[in-house]
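Here is how the chains run, residue by residue.
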Amino acid sequence: MTTVQGKEQSKALTRRVLWKLDIHVLPPLALLWLANFIDRTNIGNAKIAGLERDTHLHGTQFNVALAIFYVSYILVELPSNWVLKKFKPSRWLPFLVALWGTVTTLSGLVHNFSGLLAIRFFLGFCEGGLLPGIMLYLSTLYKRHELQQRVGIFYASASLSGAFGGLLATAIIKMDGIGGLAGWRWIFILEGIATVMIALSSTLFLPADIASAKFLTEEEREFALIRLRASEGVTITAPLSEPSQRITAAAEKDAEKGSEVKMEVRTEEALVLDEGDEKFEWGEVMRGVKDPQVWMTAISYMGIIISLYSFSLFLPTIVAGLGYSGGAAQLHTVPPYVPAVVLTVVVAVASDRLRWRGPFILMFLPISMAGYILAIAAHTNAQRYVAVFLMAAGIYPCGPCILSILPNNSAGHYKKATTVALQLAIANCGGFVATFTYDSTQAPTYIRGHSITLAFVVVAWVAMFCNVMYCIWENRARAQGRRQDNLTKYQELWDSGKTRAPIGDRHPDFRFTL
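Residues numbered from 1 in each chain as written. Predicted model: local features only at pLDDT ≥ 70, side-chain atom pairs only at ≥ 80, totals over all residues. Heavy atoms only, no water.

## Some points on the packing of helix α2 (residues 61-87) against helix α4 (residues 113-127)
- Running from N to C, α2 and α4 cross one another at 30°; their axes reach a closest spacing of 7 Å. The angle between the axes of α2 and α4 places the two elements in the roughly parallel class. In terms of crossing hand, the pair formed by α2 and α4 is right-handed. Here Gln61, Val64, Ala65, Leu66, Ile68, Phe69, Val71, Ser72, Tyr73 and Val76 of α2 come into contact with α4, specifically with Phe113, Leu116, Leu117, Arg120, Phe121, Leu123, Gly124, Phe125 and Glu127.
- For the contact of α2 with α4, the residue count by class is 14 nonpolar, three polar and two charged. (Axes fitted to C-alpha atoms, helices over the stretch in contact; angles between N-to-C directions. Helix = DSSP H or I, 4+ residues; strand = E, 2+ residues; numbered from the N terminus. Parallel < 35°, antiparallel > 145°, perpendicular 65-115°, else oblique. Left-handed = near helix turned anticlockwise from the far one by under 90°. Contact = heavy atoms within 4.5 Å. Nonpolar A, V, L, I, M, F, W, Y, C, P; charged D, E, K, R; others polar.)

Encoded structure:
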């Protein structure tokens, strides 16, 4: 076979593998994420349908009920990612979704403030592990710069959920009085049941990993594993010295005795560690905690989340403040999401092709800033409604970009599991701010809420600028040979027995995605 024929065959196999992964993995994940956002935002729709009145809420009690959700949500993110590999993502993620679908259904039965608090707390506990789990799962199936297109597809479903949730709520509210239940109760009950059904059906399609993907042929499975291993390159190696060769020999003897340790010596100079067999180490967790990119991107994502969450939670209230009510208010929440969906997908595709993440965020956040400035300065309802379009168009495309940065720039399973989950745990602290940013006393202008959110979006832009500059600086240092001592430091850790994890992103040949 000629080199040209070999390349053509490789391209054809790549297209087949990616297509099969896309059609078997992305639709179930998109549905899980759709259910997540609908379940998270349906309380906003329920509020304007009578939840506050029927549960006798007053003052800031509704905002407190929103905020308690993020306490449990944040606490569960890291532990969930640490156990993901053990319990298999194809089972763990649907399990979490089925659990919160059940809790959502029970939300339709609450009668007072304390009941609503309890339900919201357990809902956060069930939902917290989904997004970090999805990101970690996708990073084990796709190469680094194939990731954001896929994230964009399922993330766009979140934008759709805002529109779909409004339409669905409009229809369900008409069930008011059926079974002696108010319309807002039916929103929770029916959407919760639908979530459980989505979770159960997703288990039929999601593979645990590439090696167990039954929809791939033997040839495709082997090729997919090889291309993924090749893309990981130096990050899964450990340079061997005489002491570490003795460690390797001992490990191979353990493997012959049935140990789970699987290590293959490719050359006398390097040991290749299979990431799938990596064992949990607190040292890898600490590597993740100490990574500067986690903190810079987390602060940036916090600003984005404050805008995103407050937008989705209070858009129905904002629209109602524009003079619409009931079904008309629900329907007018739909159009702002349309350009957001289109831009999310377009930016995701362009981002993978250009291998940019942060630069797109730096381009789109100013659009959202313009929306908030217009909302603050607006004198008419029409101007305020236009501002809502700009807010959504600027903020939604940034989500997949920032979610893809750390899976791209972290290597080693538990280092990556930690960075992805920790970024989200820190960023989701913005949920507390988002829930208290808008309240009914600000209607119909919500100037204070818009001003607070605008400030956080500006902070998000500055933090992302710092992260982009850090990546440029670090890549330049590695290209100039100023990070070669990373090899020596890792060798010392390995020889002293302090780690059995791969070298990961410490390798001086590893380059960060901007």
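## Digging into the packing of helix α14 (residues 358-377) against helix α15 (residues 381-395)
- Axis separation between α14 and α15 bottoms out at 7 Å; the angle between their running directions is 160°. Of the possible angle classes, the one that applies to α14 and α15 is roughly antiparallel. Handedness of the crossing formed by α14 with α15: left-handed. Side by side, α14 and α15 meet where Phe364, Leu365, Ile367, Ser368, Ala370, Gly371, Tyr372, Leu374 and Ala375 of the first sit next to Gln383, Val386, Ala387, Leu390, Met391, Ala393, Gly394 and Ile395 of the second.
- Its residues assigned to classes, the contact of α14 with α15 shows 13 nonpolar, four polar and no charged.

## Examining the nonpolar core
- Among the nonpolar cores identified, the biggest contains 118 residues, and Leu138, Tyr301 and Tyr396 are the most heavily contacted of them.
- At 15 residues, the largest contribution of residues to this core is made by helix α1 (residues 3-54).
- Look past the residues within four positions of Leu138 in its chain and what remains in contact with it is Val25, Leu26, Leu29, Leu147, Val151 and Phe154.
- Ala169, Trp186, Ile187 and Ile189 belong to the second-largest nonpolar core, a separate cluster that totals five residues. (Core = buried A, V, L, I, M, F, W, Y, C linked by side-chain atoms within 4.5 Å. Buried < 20%, exposed > 50% of the residue type's maximum accessible area, 1.4 Å probe, protein only.)

## Re the pattern of salt bridges
- Counting across every chain of the model gives 16 salt bridges.
- Measuring nitrogen to oxygen at the nearest pair gives 3.6 Å for the salt bridge that ties Arg506 to Glu284. Pair noted here: Arg506 is in the segment after α20 (485-495) and Glu284 is in helix α10 (residues 282-290), with a separation of 222 residues, a long-range link.
- The class of Glu284 is buried, set by a relative accessible area of 2%.
- Note that Asp352 and Arg357 form a salt bridge whose closest N and O atoms lie 2.9 Å from each other.
- Among the residues examined, Asp352 registers a relative accessible area of 4% and is labelled buried. (Salt bridge = Lys/Arg side-chain N within 4 Å of Asp/Glu carboxyl O.)

## Digging into α14
- For α14, with 20 residues, the first-to-last C-alpha span of 29 Å sits near the 28 Å given by 1.5 Å per residue.
- Along α14, the residues that are buried comprise Gly358, Pro359, Phe360, Ile361, Leu362, Phe364, Leu365, Ser368, Met369, Gly371, Tyr372 and Ala375. (Expected span 1.5 Å × (residues − 1).)

## Points about unusual backbone geometry
- At Lys88, a position not held by glycine, the phi torsion is positive, near 70°.
- Locating Lys88 in the fold gives a position in the loop between α2 and α3 (89-107).
- Lys88 gets classed as partly exposed once you look at its relative accessible area, which sits at 38%.
- Despite not being glycine, Arg355 has its phi angle at roughly 60°, a positive value.
- Along the polypeptide, Arg355 turns up in the loop between α13 (337-354) and α14.

## A word on a nonpolar patch on the surface
- Nonpolar side chains collect at one region of the surface, where Val71, Leu75, Phe121 and Phe122 lie side by side and expose about 360 Å² of accessible area between them.
- Of all the secondary-structure elements, those providing two or more residues to the nonpolar patch are α2 and α4.
- For Phe121, the position within the fold is in helix α4. (Patch = residues over 30% accessible without salt bridge, like charges linked within 9 Å, V, L, I, M, F, W, Y side chains within 5 Å. Areas by Shrake-Rupley, 256 points an atom, 1.4 Å probe, with all protein chains shown as cover.)

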